Amino acid sequence: MLTGAGISTDSGIPDFRGPQGVWTRNPVAEKMSNIHYYLADPAVRRASWQNRLSSPAWNARPNAGHLSLVSLERRQKLHALITQNIDELHQIAGNSPEKVIEVHGTMRKFMCWGCGMRGPMQAVLERVRAGEEDPHCLDCGGILKSDTISFGQQLVPEVIDRAMRAAGEADLFLSIGTSLQVYPIAGTFEIARAAGARTIIVNAQPTPFDDQADAVFPDSISELLPAILGSAAR
Ligand SMILES: [Zn+2]
């Protein structure tokens, strides 16, 4: 499985790139996601912390689409779940953390740009709530950010390798809620297909691989996945 923003929109988390996306409507939001602006400009960091504080993801619950992937794992049919999402809704829904390959990291942890320390994001958000506008690392004084891959930041090679390997081992590859336009992760589709996997694309908008897929569904993800994969009781 490969999932992108589209699986979380029915949980109330906006798609950053889609037609109604946060970046499409607010270019300043894109600046906050760029590591160069973030490290260089305290004003960008202050805005980012306020943004994190008010993220809809903190109250988001997994939807029927997430739950159908849990049912797949319970039936021993899930080899790997590669996700571009940073919301951890797959793990909250009940997928094993070992199955989930988070290629863009997680917003539920922070990391220190100075010493690399990581910890729960809520601990830093508590400091922001208490009045610190741009909290720094308590150990080394370094700049803190969410443990996500910002624009301009390198992906983690070990994580990407694992995703590519898993794609090559699939006998069925589902791409769910992603435009399949950003490499290297879009390449998982090609690797799976080249290795002989059947491929299914579920996405509201067309993708560059629709012609090559065995099946393409533009339907609602939270309705379609339970229909084709089954659903899990909470
Ligand atoms: Zn540090």
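Residues numbered from 1 in each chain as written. Predicted model: local features only at pLDDT ≥ 70, side-chain atom pairs only at ≥ 80, totals over all residues. Heavy atoms only, no water.

Asker: Mind laying out the sheet that holds strand 1 (residues 2–3), listing which residues take part and the relevant values?
Answerer: Across the sheet, which stays open at both edges, the six strands sit in the order 3-2-1-7-8-9 with parallel pairing between neighbours. The sheet is open, and its two borders are formed by strand 3 (100–102) and strand 9 (215–217), each paired with just one other strand. Pairing geometry for strand 1 and strand 2 (residues 81–83), over two bridges, is parallel. Bridge pairing in strand 2 links T3 to T83. Each of strand 2, strand 3 and strand 7 (172–176) touches helix 8 (residues 157–169); the most contacted strand, strand 3, lies at about 135° to it. Running at roughly 165° to strand 7, helix 10 (residues 221–229) makes contact with strand 7, strand 8 (198–202) and strand 9 of the sheet. (Pairing = 2+ DSSP bridges. Helix = DSSP H or I, 4+ residues; strand = E, 2+ residues; numbered from the N terminus. Contact = heavy atoms within 4.5 Å. Axes fitted to C-alpha atoms, helices over the stretch in contact; angles between N-to-C directions.)

Asker: Pulling in residues and values, what's your account of the side chain of S48?
Answerer: Looking at the element boundaries, S48 is found in helix 4 (residues 42–53). Looking at S48, the relative accessible area reads 4%, which means it is buried. Engagement of the side chain of S48 in a polar contact is seen with the backbone oxygen of V44, the distance being 2.8 Å. Once you skip the residues sitting within four places of it in the chain, S48 turns out to touch M32 and Y38. (Buried < 20%, exposed > 50% of the residue type's maximum accessible area, 1.4 Å probe, protein only. Polar contact = N/O pair within 3.5 Å; in protein donor to acceptor, adjacent residues only side chain to side chain.)

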